[in-house]
Amino acid sequence: STLAAQGLALSMRLRLFDAWAACLTLGPRVGLALLEQFDPDDIEREDFEAQILALRAFLFGMIDCFDEAHTLALAWLPRVAPAFGFTRGMLAQTLANTSLVRGELSEARRYADEARRSELTPASPFNFALADAIEGALHLRQGRLRQARLSLQQAAGVSGDKPVSG
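Peer 1: How would you summarise the environment of Ser118 if you had to cite specific residues and measurements?
Peer 2: Among the secondary structure elements, Ser118 is positioned in helix H6 (residues 105-118). As for Ser118 and Gly89, which are separated by 29 residues in sequence, their C-alpha atoms are 5.2 Å apart. Only 2.6 Å separates the side chain of Ser118 from the backbone oxygen of Ala115, close enough to count as a polar contact.

Written out as structure tokens, the structure is:
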């Protein structure tokens, strides 16, 4: 029935939110464990499948499984429609991070730029902040300390006239 399908979709969406929240608050291994509980036969919507795979790639990167993260994100980025901006952005962020780790600096910059472009509205700053952090790391690796500082301050939402604590 339509109501049952709506309930399944809501349940899937809530489980995805739970997995995202768990990875960001309890750590990537908890998020991966939650992803393992998804039954592939229950995933009928392309956007849910893409979100699950984007999260899996992101989490692999968080636990330093960079090759797996890179391979998964590289395979899925072209398959995710532009309408799914957050998911595309997370795949691009994963590729920016793994490219940076692999020493592929121009690729890292290209994927960070792609992550910025994937956001549908400037009101969703998550991918912008991650892209700015990648940009800052790129500047650091290339010895451009002033640009690194500016990028990292922008990622943290701190202006240059305020002292950064820590």
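Peer 1: Lay out a nonpolar patch on the surface with the relevant residues and their values.
Peer 2: A grouping of Leu140, Leu145 and Leu152 is seen on the molecular surface, where their side chains present a nonpolar patch of about 280 Å² in accessible area. Relative to the elements of secondary structure, Leu140 occurs in helix H7 (residues 126-141). Using a relative accessible area of 46% as the deciding quantity, one classes Leu140 as partly exposed.

Peer 1: Quick one: what's the story with H6, residue by residue and with numbers?
Peer 2: The end-to-end C-alpha distance of H6 is 20 Å, a good match for the 20 Å that 14 residues give at a rise of 1.5 Å each. Taken together, the buried positions of H6 are occupied by Ala108, Tyr111, Ala112, Glu114, Ala115, Arg116 and Ser118.

Peer 1: Lay out the side chain of Arg56 with the relevant residues and their values.
Peer 2: Topologically, Arg56 is positioned in helix H3 (residues 46-62). Overall, the relative accessible area of 17% leaves Arg56 in the buried class. Residues within four places of Arg56 in sequence aside, it is in contact with Leu32, Leu35, Glu36 and Leu72.

What counts and how
- Residues numbered from 1 in each chain as written.
- Predicted model: local features only at pLDDT ≥ 70, side-chain atom pairs only at ≥ 80, totals over all residues.
- Heavy atoms only, no water.
- Helix = DSSP H or I, 4+ residues; strand = E, 2+ residues; numbered from the N terminus.
- Polar contact = N/O pair within 3.5 Å; in protein donor to acceptor, adjacent residues only side chain to side chain.
- Patch = residues over 30% accessible without salt bridge, like charges linked within 9 Å, V, L, I, M, F, W, Y side chains within 5 Å.
- Areas by Shrake-Rupley, 256 points an atom, 1.4 Å probe, with all protein chains shown as cover.
- Salt bridge = Lys/Arg side-chain N within 4 Å of Asp/Glu carboxyl O.
- Buried < 20%, exposed > 50% of the residue type's maximum accessible area, 1.4 Å probe, protein only.
- Expected span 1.5 Å × (residues − 1).
- Contact = heavy atoms within 4.5 Å.

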